[in-house]
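Commentary on secondary and tertiary structure
Now for the letters of each chain:
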Amino acid sequence: MNQTELQKLVEEISLKYFYLPFRHEVKINNRMTTTGGRYFLNDHHIDINGHFLDEKYRSDLVGIIKHELTHYHLHLAGLGYQHRNRDFKNLLARVGGSRYTPDIGLRRRQVKNYLYECEDCHFQYPRVRKVNTRKYRCGRCGGRLKLVRRNK
Ligand SMILES: [Zn+2]
Ligand SMILES: [Zn+2]
């Protein structure tokens, strides 16, 4: 599914379940791992996690879109658009949106690209991102960290 098809799908779901048009932009975000989508308060656009655009996640994708559209329509209507608000809970349940990001293993797929080791106690710290070793020290003994392996 490409950007245009996704935009069309969101517009269709908006009319079918919310009886209101979606007049803003949907963007594909391939860097998201732990969330399915995100609604932006400032310009009203929606980001959708690109991993869910695969045909096999179709029902998950619809649930995510309904969730983000619930934020969208409530926010534009000046109602409680946050997760903890009653308006949000009610509308989400009514349209059948997903409450949590479906687990498709994205979390587990996070690769630890860097391996740091304490120069003193030799405890190792696998990390997804690069660490500023001048700023961060070993959490156990306060020793200096050094990079011992790098996967990318
Ligand atoms: Zn949400
Ligand atoms: Zn240490």
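How each quantity is defined
Residues numbered from 1 in each chain as written. Chains lettered and ligands numbered in written order. Predicted model: local features only at pLDDT ≥ 70, side-chain atom pairs only at ≥ 80, totals over all residues. Heavy atoms only, no water. Helix = DSSP H or I, 4+ residues; strand = E, 2+ residues; numbered from the N terminus. Rg over C-alpha atoms; globule rule 2.2 N^0.38 Å. Contact = heavy atoms within 4.5 Å. Areas by Shrake-Rupley, 256 points an atom, 1.4 Å probe, with all protein chains shown as cover. Donors = N, O, S within 2.8 Å, 3.2 Å for Na, K, Ca; no water. Tetrahedral: all angles 85-135°; square planar, octahedral: opposite > 155°, others 65-115°. Buried < 20%, exposed > 50% of the residue type's maximum accessible area, 1.4 Å probe, protein only. Pairing = 2+ DSSP bridges. Axes fitted to C-alpha atoms, helices over the stretch in contact; angles between N-to-C directions. Core = buried A, V, L, I, M, F, W, Y, C linked by side-chain atoms within 4.5 Å.

**Concerning the overall build of the chain**
Within the chain one finds three helices and six strands. Starting at the N terminus and ending at the C terminus, the chain contains elements arranged as α-β-β-β-α-α-β-β-β. Computed over C-alpha atoms, the radius of gyration of the chain comes to 20 Å, more than 25% over the 15 Å expected from 2.2 N^0.38 for 152 residues, which places it beyond the range of a compact globule. In terms of principal-axis extent, the alpha carbons of the chain reach across some 65 × 30 × 25 Å. A sequence separation of at least 24 residues applies to 45% of the contacts in the chain between residues at least 6 apart. On the chain, roughly 9800 Å² of surface is accessible, and the fraction owed to carbon and sulfur atoms is 47%.

**Quick notes on the coordination of the zinc ion (ligand 2)**
For the zinc ion (ligand 2), every protein donor is listed as Cys-118 (SG), Cys-121 (SG), Cys-138 (SG) and Cys-141 (SG), and the spread of their distances is 2.3 to 2.4 Å. For the zinc ion (ligand 2), the four donor atoms in the first shell make angles of 100 to 121° at the metal, a pattern classed as tetrahedral. In the primary sequence, the donor residues of the zinc ion (ligand 2) line up as C-x2-C-x16-C-x2-C. Taken as a pair, Cys-118 in strand S4 (residues 114–118) and Cys-138 in the loop between strand S5 (124–127) and strand S6 (145–150) lie far apart in primary sequence, 20 residues in all. As far as burial versus exposure is concerned, Cys-118 and Cys-138 are alike and both buried.

**A few points about the sheet that holds strand S2 (residues 37–39)**
Sheet strands pair by backbone hydrogen bonding; their relative direction is either parallel or antiparallel. Overall, mixed pairing links the three strands, which are arranged S1-S3-S2 in an open sheet. What marks the edges here is a single partner per strand, and that holds for strand S1 (26–29) and S2. Averaged over all pairs of adjacent strands, the angle between their axes in this sheet comes to 20°, without regard to strand direction. Sheet topology places S2 next to strand S3 (residues 46–49); three bridges connect them, and they run antiparallel. In the strand pairing of S3, Arg-38 is matched with Asp-47.

**As for the nonpolar core**
Note on soluble globular proteins: their nonpolar side chains tend to be buried together. Core analysis: the largest hydrophobic core is formed by 24 residues, its most contacted members being Ile-46, Ile-48, Ile-65 and Leu-69. Contributions of two or more residues to this core are made by helix H1 (3–18), S3, helix H2 (58–76) and helix H3 (86–95). For this core, the element with the highest residue contribution is H2, accounting for seven residues. The contacts of Ile-65, once residues within four sequence positions are left out, are Leu-6, Leu-9, Val-10, Ile-13 and Ile-48.

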